[in-house]
Amino acid sequence: MVILDEYNIKKYNDKKVIALGNFDGIHLGHQELIKKAIELSKVNKISSSAFTFRQHTMKTICENKFPKLLITNRKKLEEFSKFMLDYAIIYDFNKDFSLLSPENFIKDILIDKLNMKIAIVGENYRFGYRASGDIQLLKSFSKIYDYKVEVIEPVKLNEIVISSSYIRSLIQEGKIEEANKCLGRYFSLEGYVISGRKVGRKLGFPTANISIDRDYILPLNGVYLTKVKILNKYFLGITNVGINPTFNVNNLSVETYIIDFNKNIYGMFIEVEFIKRIRDEIKFNSEEELIEQMKEDYIFAKSHNYILHN
């Protein structure tokens, strides 16, 4: 898969099927767009691609009200690559881009720069200045600029339409297993391991604290069964999302006790995949009570060792 952007696009002017969207999360609905793009690229013997932005569009349009993100750009590209797309196209959605009219977005970007021959969109797709473009407009311009439009129906789970906003609500409610079903994979957080208060080490359960980018969504405070990816190898983990009330810390953190692992990973990049919620974050009366509960969490986690092979 070749990654294209504003700077290298001129080198790749071949005809393309393009799946269009924010692709926040690359959930099951997004995946249908991608699969259709690949299918039609084979039928029409042209390249398959997905077009998205480095920033969520709402962050540029309304900086203080944009939704928390489900996925980083790094992870988004990793997921695109799993589908064997020919191209992942990722542009900056800056102020200038946000002012493009629907027609100019189609003509200047999709046609002149990307050589789009087929557009793949969801039924609620909007584009152009103030999201003034819709599917009917996209279809009407197809006659002028010689491309086709394929509209993909929503994907439902238990009669509920899968969307990024729905998945956000599940994650914020701690319903990780339901969110994972909608994503078609485990929800994850990633970042560099930073130095913490080292309380876990004192208790016999040293934790890896990852830096938190406030643009990304966090699960409901609590303790979770997780898988930790370190240098392409997975380890079982117990992750606490919260404020460590037993020690009156009150600073939100994401800390993971990595089972059967004892290497120094400060400064390393890791990914924490959330499997299921074990319990609420609790304020214990003593360190001893906390240690006993952590032992129970450890036993629970070890009983799920099979997830390392899933």
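Residues numbered from 1 in each chain as written. Predicted model: local features only at pLDDT ≥ 70, side-chain atom pairs only at ≥ 80, totals over all residues. Heavy atoms only, no water.

**What about the overall build of the protein chain?**
Short version of the rule: Each helix is a run of DSSP H or I of at least 4 residues and each strand a run of E of at least 2, with the numbering of both proceeding from the N terminus. A simple rule labels every residue: compare its accessible area, found with a 1.4 Å probe on the protein chains alone, to the largest value its type can have, and call it buried under 20%, exposed over 50%, or partly exposed in between. Per-residue and other accessible areas follow the Shrake-Rupley method at a 1.4 Å probe size, with only the shown protein chains counted as cover for residues. The sign given to each residue is positive for Lys and Arg and negative for Asp and Glu; His and the chain ends receive no count. Note that the charge is assigned to NZ on lysines, CZ on arginines, CG on aspartates and CD on glutamates.
For the protein chain, the helix and strand inventory stands at ten helices and 14 strands. Its C-alpha atoms give the protein chain principal-axis dimensions of roughly 70 × 40 × 40 Å. When each of the 310 residues of the protein chain is scored for burial, the buried share is 52%. Roughly 15700 Å² of accessible area belongs to the protein chain as shown, and the carbon and sulfur atoms make up 50% of that amount. The positive charge centre, built from 45 side chains, and the negative charge centre, built from 39, are 3 Å apart in the protein chain.

**Here's the deal with the side chain of His-27**
The condition that has to hold: N or O atoms closer than or at 3.5 Å make up a polar contact, with two conditions inside protein: a donor-capable atom paired with an acceptor-capable one, and, for residues adjacent in sequence, both atoms drawn from side chains. Should any heavy atoms of two residues lie within 4.5 Å, those residues are considered in contact.
Within the element layout of this structure, His-27 appears in the loop between strand E2 (16-20) and helix H1 (28-44). Among the polar contacts made by the side chain of His-27, one reaches the main-chain amide nitrogen of Gly-29 at a distance of 3.0 Å. Setting aside residues no more than four positions away along its own chain, His-27 makes contact with Ile-162, Ser-163, Ser-164, Ile-167, Cys-182 and Leu-183.

**Let's talk about the packing of aromatic side chains**
As a reminder, the rule being used: For Phe, Tyr and Trp, where Trp contributes only its six-membered ring, two rings pair if their centres lie within 6.5 Å, and the inter-plane angle classes them as stacked under 30 degrees, edge-to-face over 60, or tilted in between.
This structure, assessed with the given rule, holds 18 aromatic pairs. When the ring of Tyr-257 is compared with that of Tyr-298, the centres are 6.5 Å apart and the planes differ by 50 degrees; the resulting orientation is tilted. Remark: Tyr-298 occurs in helix H10 (residues 287-302) and Tyr-257 occurs in strand E13 (residues 253-258); sequence separation between them is 41 residues. Given a relative accessible area of 15%, Tyr-257 falls into the buried group. Residue classification places Tyr-298 among the partly exposed residues on the basis of a relative accessible area of 26%.

**Here's the deal with the environment of Thr-207**
Along the chain, the position of Thr-207 falls in the loop between helix H9 (199-203) and strand E10 (208-210). A C-alpha to C-alpha distance of 4.4 Å links Thr-207 and Tyr-257, two positions 50 residues apart in sequence. Not counting chain neighbours up to four residues away, the residues in contact with Thr-207 comprise Glu-255, Thr-256 and Tyr-257. Here Glu-255 takes part through its side chain, which lies 3.2 Å from a polar atom of the side chain of Thr-207.

**Section: H1**
Heads up, the condition is: A helix is expected to span 1.5 Å for every residue after the first.
Taking 1.5 Å of rise per residue, 17 residues should cover 24 Å, and H1 covers 24 Å from first to last C-alpha, within 8% of that figure. For H1, the complete set of buried residues consists of Gly-29, His-30, Gln-31, Leu-33, Ile-34, Ala-37, Ile-38, Leu-40 and Ser-41. Immediately downstream of H1, the backbone of Lys-45 shows phi near 55 degrees, a positive value.

**Thoughts on the environment of Leu-110**
You can see Leu-110 is positioned in helix H5 (residues 102-113). Residue Leu-110 is classed as buried on the basis of its relative accessible area of 0%. As for Leu-110 and Lys-16, which are separated by 94 residues in sequence, their C-alpha atoms are 9.5 Å apart. Leave out the neighbours within four places in its chain, and Leu-110 touches Ile-18, Leu-20, Phe-105, Asn-115 and Met-116.

**Let's talk about the packing of helix H7 (residues 164-172) against helix H8 (residues 176-183)**
The following threshold applies: All axes are obtained by fitting lines to C-alpha atoms, using only the stretch in contact for helices, and the reported angles, taken between N-to-C directions, cover 0 to 180 degrees. Any angle from 65 to 115 degrees is called roughly perpendicular, while one under 35 is roughly parallel, one over 145 is roughly antiparallel, and all others are oblique. Two helices that cross are described as forming a left-handed crossing if the nearer one is turned anticlockwise from the farther one by less than a right angle, and a right-handed crossing if clockwise. All residues other than Ala, Val, Leu, Ile, Met, Phe, Trp, Tyr, Cys, Pro, Asp, Glu, Lys and Arg, Gly among them, are scored as polar; the first ten of these are nonpolar and the last four charged.
At a closest axis distance of 8 Å, the pairing of H7 and H8 adopts a crossing angle of 155 degrees. Taken together, the axes of H7 and H8 lie roughly antiparallel to each other. Seen from above, H7 lies across H8 with left-handed handedness. Only Ile-176, Glu-178, Ala-179, Cys-182 and Leu-183 of H8 make contact with H7, whose side of the interface consists of Tyr-166, Ile-167, Leu-170 and Ile-171. Grouping the amino acids of the contact of H7 with H8 by side-chain chemistry returns eight nonpolar, no polar and one charged.

**Concerning the sheet that holds strand E12 (residues 233-242)**
For clarity, the threshold we go by: Pairing between strands is defined by DSSP: at least two bridges between them are needed.
Strand order in the closed barrel formed by six strands is E9-E10-E13-E12-E11-E14, and the pairing between neighbours is antiparallel. Each strand of the sheet is rotated relative to its neighbour by a mean of 45 degrees, with strand direction disregarded. As paired elements, E10 and E13 share two bridges and run antiparallel to each other. Looking across to E13, one finds that Asn-209 is bridged to Glu-255. Contacts between H8 and the sheet are confined to strand E9 (187-194), strand E11 (222-230) and strand E14 (269-279), with E14 contributing the most and set at about 125 degrees to the helix.

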